[in-house]
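# Inside the fold
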Amino acid sequence: MLLCVLLPFVGKAASAAELQVTSPTGEVSVYQTDELLSHPEAREITVAGDEGYGRDMTYRAVPVAALIGDAATVEGEMGLEVIALDGFVANIPLPLVLLDGQDETAQAWIAIEPEDAPWPNLPGKEVSAGPFSMVWVDGAASNIRSEQWPYQVAKIGYAAFPAARWPQLALGEEAPEDAKRGQAVFIDQCFACHRMNGAGITELGPDLNLPMSPVDYFKPDALFMLIRDPATVRHWPDMQMHGFTTDQLSDAEIRDVIAYLQAMAGRKDE
Ligand code: HEC
């Protein structure tokens, strides 16, 4: 299904790139690269420590807030659902997107890859971060996490926070504290590529509870190593999970995520 939708992007040159944005009222706008480059709010920005490229980058970009309609009209715990060409799905809490640099907070931008000046390939990949990449100026000021930098963005829309949208992600009240912390880490750092108990819309990686939980088929040390750096456990040319540096995910956070997986292993499909 998803493949059929995405194939037109894959087949065409960068010049045909389109970004689909759905407003809070459900109105769909499709922007071409040129329209975004000449958008009245487009600017040259410098992104220190760009997550995708692992270095400072300069882009022509439009503030996310200028593209997503009147976000102030949205009620409840909502996020921006940002879907990439490869099926990566980030859900970024709306308050983060709307910080707008006030009080030295992060600012979210959509960087636009110009047709006549393509970006370099991402480290270790055969593709660039284009045609559109969501990047942050001063991301560290608001603790923006590594998986909140979606690149190769195809679509942006609104969706409720995952924990509110999918009850089967939830832990019982009686769950241990480390598992509760782990749920939050899972939603920020894993859910973009992994479904959980059937919840989620990504198609990139396996569901991490159904039919079996990795805690039931990996030894604890191996599971820890696999989350830190999958290539230390097994590797092959097309592997897509990149692993995490200790800045992106601390040892304690990995232990918390494993506690969450452990707790969910006893709550299959609820
Ligand atoms: C960028 C996407 C991505 C992110 C982010 C990601 N994974 Fe993965 N993961 C994958 C893919 C894809 C696979 C399948 C193997 C591969 O291609 O690398 C995988 C495999 C795994 C496996 C092995 C499953 C098996 O049965 O072999 C585990 C366990 C796992 N991931 C846990 C996690 C956890 C926990 C997190 C968050 C801390 C996480 N992953 C974040 C993409 C991702």
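Residues numbered from 1 in each chain as written. Predicted model: local features only at pLDDT ≥ 70, side-chain atom pairs only at ≥ 80, totals over all residues. Heavy atoms only, no water.

## Quick notes on the side chain of Glu-253
Rules: Secondary structure is summarised from DSSP: a helix means a run of H or I of at least four residues, a strand means a run of E of at least two, and numbering begins at the N terminus for each. Any pair of N or O atoms that falls within 3.5 Å is considered a polar contact. Within protein, one atom must be able to donate a hydrogen and the other to accept it, and sequence-neighbouring residues count only if both atoms are side-chain atoms.
Topologically, Glu-253 is positioned in helix H7 (residues 251-265). Here the side chain of Glu-253 touches Arg-145 through a polar contact of 2.9 Å, side chain to side chain.

## Comments concerning the packing of aromatic side chains
What counts is decided by this rule: Whether two aromatic rings pair depends on their centres lying within 6.5 Å, for rings of Phe, Tyr and Trp, where Trp uses its six-membered ring; planes under 30 degrees apart make the pair stacked, over 60 edge-to-face, and the rest tilted. Remark: exposure states derive from per-residue accessible area (1.4 Å probe, protein chains only) relative to the maximum for the residue type, with buried under 20%, exposed over 50%, and partly exposed in between.
Applying the stated criterion to the full structure yields five aromatic pairs. Centre to centre, the rings of Tyr-59 and Trp-119 are 4.9 Å apart; their planes meet at 65°, and the pair counts as edge-to-face. Linking Tyr-59 in strand S4 (residues 55-63) with Trp-119 in the loop between strand S7 (107-112) and strand S8 (132-137), this pair joins segments that are 60 residues apart in sequence. Ring geometry for Phe-186 and Phe-191: centres 6.1 Å apart, planes at 50°, overall tilted. Of the two residues, Phe-186 and Phe-191, neither departs from the other in class, the shared state being buried. Members of the aromatic cluster, connected to one another through ring pairs, are Trp-166, Phe-186, Phe-191 and Tyr-260.

## Let's talk about helix H6 (residues 220-228)
Here is the rule we go by: Residues count as neighbours in contact if any of their non-hydrogen atoms are within 4.5 Å of one another.
Among the residues of H6, Leu-223, Leu-226, Ile-227 and Arg-228 are the ones counted as buried. For H6, the elements touching its buried residues are H7.

## Observations concerning the domain arrangement of the chain
Put simply, the rule reads: For every domain, the bounds stem from an assignment made automatically or drawn from a database. Note: buried area is the sum, over both parts, of the accessible area (probe 1.4 Å) each one loses when the two are combined. The term salt bridge refers to a pairing of a side-chain nitrogen on Lys or Arg with a carboxyl oxygen on Asp or Glu at a separation within 4 Å. Three classes are used, and their members are as follows: Ala, Val, Leu, Ile, Met, Phe, Trp, Tyr, Cys and Pro are nonpolar, Asp, Glu, Lys and Arg are charged, and the others, Gly among them, are polar.
Its domain assignment divides the chain into domain 1 (2-160) and domain 2 (163-265). When the two sides are added together, the surface that domain 1 and domain 2 hide from each other amounts to roughly 1300 Å², 49% of it contributed by carbon and sulfur. Looking only at domain 1, the three residues that lose the most surface to domain 2 are Val-89, Arg-145 and Glu-147, adding up to 41% of its buried area. For the pair domain 1 and domain 2, the interface holds two salt bridges. Elements that contribute at least two residues to the side of domain 1 that touches domain 2 include exactly strand S5 (78-84), strand S6 (89-93) and strand S9 (153-160). No other element matches the three residues that S6 contributes to the side of domain 1 that touches domain 2. Here the side of domain 1 that touches domain 2 is composed, by residue class, of seven nonpolar, four polar and five charged.

## Let's talk about the side chain of Asn-209
Position of Asn-209 among the secondary structure elements: in the loop between helix H5 (177-189) and H6. In terms of polar contacts, Asn-209 uses its side chain to reach the backbone carbonyl oxygen of Met-264, at 2.9 Å. Sequence-distant contacts of Asn-209, that is, excluding residues within four places in its chain, are made with Met-196, Asn-197, Leu-261, Met-264, Ala-265, Arg-267 and Lys-268.

## Considering the environment of Gln-248
Residue position: Gln-248 is located in the loop between H6 and H7. What makes Gln-248 buried here is its relative accessible area of 18%. Between the alpha carbons of Gln-248 and Ala-160 there is a distance of 25 Å; along the sequence they are 88 residues apart. Other than its neighbours up to four places away in sequence, Gln-248 contacts Glu-51, Arg-145, Ser-146, Gln-189, Gly-243 and Glu-253. Within the structure, the side chain of Gln-248 is placed 2.4 Å from the side chain of Glu-51, a separation counted as a polar contact.

## Brief notes about the environment of Pro-220
On the secondary structure map, Pro-220 appears in helix H6. Look at Pro-220 and you get exposed, because its relative accessible area is 65%. A C-alpha to C-alpha distance of 9.8 Å links Pro-220 and Arg-255, two positions 35 residues apart in sequence.

## A few points about the sheet that holds S7
Within a beta sheet, neighbouring strands are joined by backbone hydrogen bonds and run either parallel or antiparallel to one another. We apply this condition: By definition, two strands form a pair when at least two bridges between them are found by DSSP. Only the stretch in contact is used when a helix axis is fitted, and all axes are lines through C-alpha atoms; the angle between N-to-C directions ranges over 0 to 180 degrees.
One open sheet holds the four strands; their spatial order is S3-S4-S7-S8, and the pairing between them is antiparallel. Every interior strand has two partners, whereas the edge strands, strand S3 (43-50) and S8, have only one. Averaged over all pairs of adjacent strands, the angle between strand axes in this sheet comes to 55°, irrespective of strand direction. Direction of pairing for S7 relative to S8: antiparallel, over a ladder of six bridges. Considered in S8, the bridge of Gln-107 is made with Val-137.

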